[in-house]
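# Survey of secondary and tertiary structure
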Amino acid sequence: MAATLDGNPHRALAPEPRATWLPDDSVRRLAAYKLLSAYDCNQAGELATFTGNEAAAERREFGDPSAFVDTTLAHLLGKSQQIIAPGAEHAGDEDAAPEAVAAAEAQQRLRDWAEVELLPLRMQAAERKAVLLGDGVYLLAWDPSRGRVRLRTLDPGFYFPVLDDDADPGDYPRRVHLAWEIPEDTRRGVKARVRRITYELGPIEAASGNTAPAKAKSDRTATAEDSAGLLLEPGDIYRADRRRIERAYPWAPGWPSATTCYLTDAEWSLDDLRHEHSLNDLPLDQARFRTRGDGTVLHRLDLRLDFIPLVHISNTVAEGEHFGQSSLAKVMQALDELAETDTDSARASATTGAPIIGLAGARAEVDRTTGRPKPLAVEPGTVFQLADGGRMDVLDTSNQLAELRARVEEIRDRASVNARLPAVSLGTVDPADVPSGYALALSLGPLDSLIDSMRLARAHKYSLLLKMVQRIHQAGQAEGWPAGPCVSARLVFGPHTPTDRTAILDEVVKGVGAGVLSLETGIRMLQDAGYPIEDAREEVARITDRQQVPAERKPEVVSTSAS
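Residues numbered from 1 in each chain as written. Predicted model: local features only at pLDDT ≥ 70, side-chain atom pairs only at ≥ 80, totals over all residues. Heavy atoms only, no water.

### Section: the overall build of the protein chain
- When helices and strands are tallied, the protein chain shows 14 helices and 15 strands.
- Among the 563 residues that make up the protein chain, the fraction classed as buried is 36%.
- In the protein chain, the share of contacts with a sequence separation of at least 24, taken over all contacts with a separation of at least 6, comes to 64%.
- Total accessible area computed for the protein chain in this model is approximately 33,400 Å², and 51% of it derives from carbon and sulfur atoms. (Helix = DSSP H or I, 4+ residues; strand = E, 2+ residues; numbered from the N terminus. Buried < 20%, exposed > 50% of the residue type's maximum accessible area, 1.4 Å probe, protein only. Contact = heavy atoms within 4.5 Å. Areas by Shrake-Rupley, 256 points an atom, 1.4 Å probe, with all protein chains shown as cover.)

Okay, here's the thing in structure tokens:
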């Protein structure tokens, strides 16, 4: 990672060929992504050979980094993920407030969208990138043919935010590039090129020429527009006193905004780029702008949104850092040592299974063609005839093999400690070896703190994603998504450790029966424990209705005797 005097990564890690359009501060990040991906695919040894370590080609890698990543991902996501809108559980009350009803309706709309858009599947892809590489990216876009917001996951190597020097790295950037190289296609005669998709926040601009809708002119409300010769979009208002155009977005009808998001999608031939051209200032006069399906040129296309529809997921919480850190970053040296020890162990097992034998006083068979002694073959049932005083010595390497295997376990335990993944979470502990449940809970303490910090880093980002989903549906005038302020919603992850469902059920029954727990709280506890309760509000209503039904009276038995 620091193979040169200026601190740049080795050429084996840098993009090949090193693109001149890449920002200088992104080369090291992309090199780290390449290195981490090599660990995940058991190719770290092959990558090390390019740095001059020829022995690394024989390194045995058995998937330990991938196991660490998959285990961390499984505990992070939990067994389930659920969209919750605070207050929605009170929508079924007799005196339910309008806010509770709106929260319940928005919660159901978001859950329906998540089911159709396969949100859990997208999260698996994005979060594995975040755990492995440190970063993940979601892209939201309105699809008019389907009438809903589409969700895509992107490789963080395509993500290039423009961060101001004087801005807080934790702030949302006002300009973001998605860029990658398209390789040359010799059969089609297409040269290598770079594609850049830019999302940029800026002041609302008037439409030029005849691109504005026909009814835009009648929608103008200020007389100063006529003198300025502006063509406005429907709903835009020109403020002559402020000399700017404002727009009332459906999620904030009472707060006009002068900001919108522009989309530009263009390609450049690599032969036209020079060393002075960087990603942020590629020459527009040499660009080939792409077009949409309806023929619209994607050059500063007004998306009619006051935000960039991208959500960057950071794996860790770091003060003053925009990008996250991989879960493997702190144990990469241990993973190297583990692979090297596995390699030595494999070599020792070869000499143990097929030991080296030394013979003294044995006559070897001579090859009649070459006249040289034939090599001795040791097989089951082989008999060697030894002369007087002859002997056979066997090199025993079983002790060294045992030591190497113990060393492997020692390194693996140390790596799990530093990664805060206890052996019980990796499945390498026999349940019979656990003395008690309390001891098991104590051993899971580091894992609890790890998952809590990782979920904290994502809590705001997923709330922001759900808010963007609501706003884009409102902007697209989707059916069933009314205008107005968006409902605050969050994504709740399921428990990351096994729970004693019987004990929790007993606790809920006693707590609700004694009146120290509400029925809603008890249902939520059962949901967190993994009971198949889809909607807490409906479950509470069913329980309440069952309790209000009067018990059926038993028929009276009248005994009669014959007179």
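More follows now that the structure is in view.
### Here we look at the packing of helix α3 (residues 64-77) against helix α11 (residues 445-475)
- Packing of α3 against α11 leaves a shortest axis separation of 10 Å and a crossing angle of 70 degrees. As the angle between them shows, α3 and α11 are arranged roughly perpendicular. Crossing handedness for the pair α3 and α11: right-handed. For the pair α3 and α11, the contacting residues are T72, H75, L76 and L77 in the first and L447, I451, M454, R455 and R458 in the second.
- Here the residues of the contact of α3 with α11 sort into five nonpolar, two polar and two charged. (Axes fitted to C-alpha atoms, helices over the stretch in contact; angles between N-to-C directions. Parallel < 35°, antiparallel > 145°, perpendicular 65-115°, else oblique. Left-handed = near helix turned anticlockwise from the far one by under 90°. Nonpolar A, V, L, I, M, F, W, Y, C, P; charged D, E, K, R; others polar.)

### Let's talk about the pattern of salt bridges
- Under the counting rule described, the total for this entry stands at 34 salt bridges.
- Two residues, R292 and D294, come together in a salt bridge whose shortest N-O distance is 2.9 Å.
- Residue classification places R292 among the partly exposed positions, given a relative accessible area of 40%.
- Its relative accessible area of 53% is what places D294 among the exposed residues.
- Through salt bridges with shared partners, a single ionic network connects R193, R195, D265, E267, R288 and R290. (Salt bridge = Lys/Arg side-chain N within 4 Å of Asp/Glu carboxyl O.)

### What about the side chain of R59?
- Note on placement: R59 falls in the loop between α2 (44-49) and α3.
- Within the structure, R59 has its side chain in polar contact with the side chain of E340 (distance 3.2 Å).
- Beyond its immediate sequence surroundings of up to four residues, R59 is in contact with A44, G45, N53, D336, A339, E340 and T343. (Polar contact = N/O pair within 3.5 Å; in protein donor to acceptor, adjacent residues only side chain to side chain.)

### What to know about the packing of aromatic side chains
- Counted by the stated rule, this structure contains seven aromatic pairs.
- The interplanar angle of 75 degrees and the centroid separation of 6.2 Å between the aromatic rings of W21 and F160 together place this pair among those described as edge-to-face. Pair noted here: W21 is in the segment before α1 (24-40) and F160 is in strand β4 (residues 159-161), with a separation of 139 residues, a long-range link.
- Every member of this aromatic cluster is reached through a ring pair, and the members are Y138, Y462 and F493.
- For R29, the ring lying beneath its charged end belongs to F160, and the centroid distance is 5.5 Å.
- The ring of W481 is capped by R109, whose NZ or CZ atom sits 5.2 Å from the centre of that ring. (Phe/Tyr/Trp six-rings, centres within 6.5 Å; stacked < 30°, edge-to-face > 60°. Lys NZ or Arg CZ within 6 Å of the ring centre and 35° of its normal.)

### Points about a nonpolar patch on the surface
- Residues L386, M392 and V394 make up a contiguous nonpolar surface patch of roughly 250 Å² in combined accessible area.
- Here M392 is to be found in strand β14 (residues 386-394).
- Judged by its relative accessible area of 43%, M392 is partly exposed. (Patch = residues over 30% accessible without salt bridge, like charges linked within 9 Å, V, L, I, M, F, W, Y side chains within 5 Å.)

### Observations regarding unusual backbone geometry
- With a phi close to 60 degrees, N42 is a non-glycine residue in the positive phi region.
- The topology assignment puts N42 in the loop between α1 and α2.
- Residue R304 is not a glycine yet carries a positive backbone phi of 60 degrees.
- Relative to the assigned elements, R304 resides in the loop between β11 (301-302) and β12 (310-314).

### Side note on the sheet that holds strand β3 (residues 148-154)
- Taking strand neighbours across the sheet as the criterion, the three strands line up as β3-β2-β12 in an open arrangement whose pairing is antiparallel. Because the sheet does not close on itself, it has two edges, and the strands there are β3 and β12. The mean inter-strand angle of the sheet, taken between neighbouring strand axes irrespective of direction, is 20 degrees.
- In terms of strand pairing, strand β2 (residues 135-143) meets β12 through five bridges, oriented antiparallel. Counted as the bridge partner of D135 is S314 from β12.
- Contacting β2, β3 and β12, helix α5 (residues 119-133) crosses the sheet at an angle of about 150 degrees to β2. (Pairing = 2+ DSSP bridges.)

### Remarks on helix α7 (residues 332-353)
- Between its terminal C-alpha atoms α7 stretches 31 Å, which fits the 32 Å expected from 22 residues at 1.5 Å a residue.
- All of the buried residues along α7 are M332, A334, L335, D336, L338, A339, T341, D342, T343, S345 and A348.
- In this structure, the buried side of α7 is in contact with α1, α3 and α8 (398-418). (Expected span 1.5 Å × (residues − 1).)

### With respect to the confidence of the model for the protein chain
- Averaged over all residues, the pLDDT of the protein chain equals 82, while 87% of them reach at least 70.
- Across residues 209-227 the pLDDT falls below 50, and counting only partners more than four positions away or on other chains, this stretch makes 25 contacts in the model.
- Within the model, the stretch residues 557-563 combines pLDDT values under 50 with zero contacts to residues more than four positions away or in other chains. (pLDDT = per-residue confidence, 0-100.)

### Digging into the nonpolar core
- Counting 77 residues, the largest nonpolar core has W21, Y138 and L465 as its most contacted members.
- Of the residues forming this core, the biggest block, eleven residues, is contributed by α11. (Core = buried A, V, L, I, M, F, W, Y, C linked by side-chain atoms within 4.5 Å.)

### Concerning α1
- A rise of 1.5 Å per residue sets the reference length of α1, with its 17 residues, at 24 Å; its end C-alpha atoms lie 26 Å apart and thus fit the reference within 8%.
- Of the positions making up α1, those classed as buried are S26, V27, R29, L30, A31, Y33, L35, L36, A38, Y39 and D40.
- Those residues of α1 that are buried lie in contact with α2, α3, α5, β2, β4 and α7.
- One or two steps after α1, the chain reaches N42, where phi turns positive at roughly 60 degrees.

### Structural notes on the pairing of strand β9 (residues 259-269)
- Taking burial as the measure, the eleven residues of β9 include nine buried ones, the bulk of the element.
- Alignment of strand β6 (residues 193-203) against β9, held across eleven bridges, turns out to be antiparallel. Across the sheet, residue E200 finds its bridge partner in β9, namely Y262.
- Summarising the sheet, β9 and β11 pair through two bridges and their orientation is antiparallel. Bridged to L263 within β11 is L301.
- Examined bridge by bridge, β9 and strand β10 (residues 288-289) share two bridges and lie antiparallel to one another.

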